[in-house]
Amino acid sequence: MSRLTIVANIKAKADKIDLVKSELLKLINTTRAEAGCINYNLHQDNDNPAHFLFYENWETRDLWQTHMNNKHLEDYMKATEGAVEEFVLNEMNEIDN
């Protein structure tokens, strides 16, 4: 199977933008050091600062699943409980031309 691309859209509640952003930033270095992580890039919408997007590539889906079960993601979920309005995650594969 080809590498796995993840696009995760996170929309913070208007009064929780700074909290969500600071917690998302904490995930970056730890995740980038994980086995199978090719890239893990956080973006913030220029027009809507409550909207964050992670663009990620992983060597395999199994390695991504290991990432999803790591403690730092559990810590993020606890820290941002009630602060996120919407979370949409898409698993994707690149189409070769």
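Everything that follows concerns the structure shown earlier in this document.
What comes next is a walk through the structure. (Residues numbered from 1 in each chain as written. Predicted model: local features only at pLDDT ≥ 70, side-chain atom pairs only at ≥ 80, totals over all residues. Heavy atoms only, no water.)

Turning to the overall build of the chain, a few remarks are in order. A count of helices and strands for the chain gives 3 helices and 4 strands. Order of helices (α) and strands (β) in the chain, N terminus to C terminus: β-α-β-β-α-α-β. Against the globule reference of 13 Å for 97 residues, the chain gives a C-alpha radius of gyration of 14 Å, in line with a compact fold. Along the longest, intermediate and shortest principal axes, the C-alpha atoms of the chain span 40 × 30 × 20 Å. Residues classed as buried in the chain amount to 35% of the 97 residues present. Taking all contacts inside the chain whose residues are at least 6 apart in sequence as the whole, residues at least 24 apart take part in 70%. (Helix = DSSP H or I, 4+ residues; strand = E, 2+ residues; numbered from the N terminus. Rg over C-alpha atoms; globule rule 2.2 N^0.38 Å. Buried < 20%, exposed > 50% of the residue type's maximum accessible area, 1.4 Å probe, protein only. Contact = heavy atoms within 4.5 Å.)

With that out of the way, let us pick up the environment of Thr66. Inspection of the secondary structure assignment puts Thr66 in helix H2 (residues 61-68). Take Thr66: its relative accessible area is 45%, and that puts it in the partly exposed class. Considered as a pair, Thr66 and Ala35 are 31 residues apart in the sequence and their alpha carbons are 9.0 Å apart.

Since one α-helical turn is 3.6 residues long, residues separated by three or four positions face the same way. Helix length check: helix H1 (residues 17-32) (16 residues) gives 23 Å between terminal C-alpha atoms against 22 Å at 1.5 Å per residue, within 8%. Turning to H1, its buried residues number three or more, namely Ile17, Val20, Glu23, Leu24, Leu27, Ile28 and Thr31. Seen along its axis, H1 keeps its buried residues to an arc of 165°; they face one direction. Turned more than 90 degrees from where H1 packs its buried face, Asp18, Lys26 and Asn29 sit exposed. Those residues of H1 that are buried lie in contact with strand E1 (4-12), strand E2 (37-44), strand E3 (51-58), H2, helix H3 (71-79) and strand E4 (84-92). (Expected span 1.5 Å × (residues − 1). Arc of directions from axis to C-beta.)

For the rest of this paragraph, the subject is H3. Considered for burial, the residues of H3 that qualify are His72, Leu73 and Tyr76. One side of H3 holds all its buried residues, which, seen down the axis, span an arc of 100°. In this structure, H3 carries Lys71, Met77 and Lys78 as exposed residues pointing more than 90 degrees from its buried face. Buried positions along H3 lie against E1, H1, H2 and E4.

Right, let's talk about the sheet that holds E4 for a bit. Strand order across the open sheet formed by 4 strands is E2-E3-E1-E4, with antiparallel pairing between neighbours. The sheet is open, and its two edges are formed by E2 and E4, each paired on a single side. Neighbour to neighbour, the strand axes of the sheet diverge by 10° on average, direction disregarded. Pairing of E1 with E3, which is carried by 8 bridges, proceeds in the antiparallel orientation. Across the sheet, the residue bridging to Ala8 is Phe54, located in E3. Here H1 sits on the sheet in contact with E1, E2, E3 and E4, set at roughly 165° to E2. (Pairing = 2+ DSSP bridges. Axes fitted to C-alpha atoms, helices over the stretch in contact; angles between N-to-C directions.)

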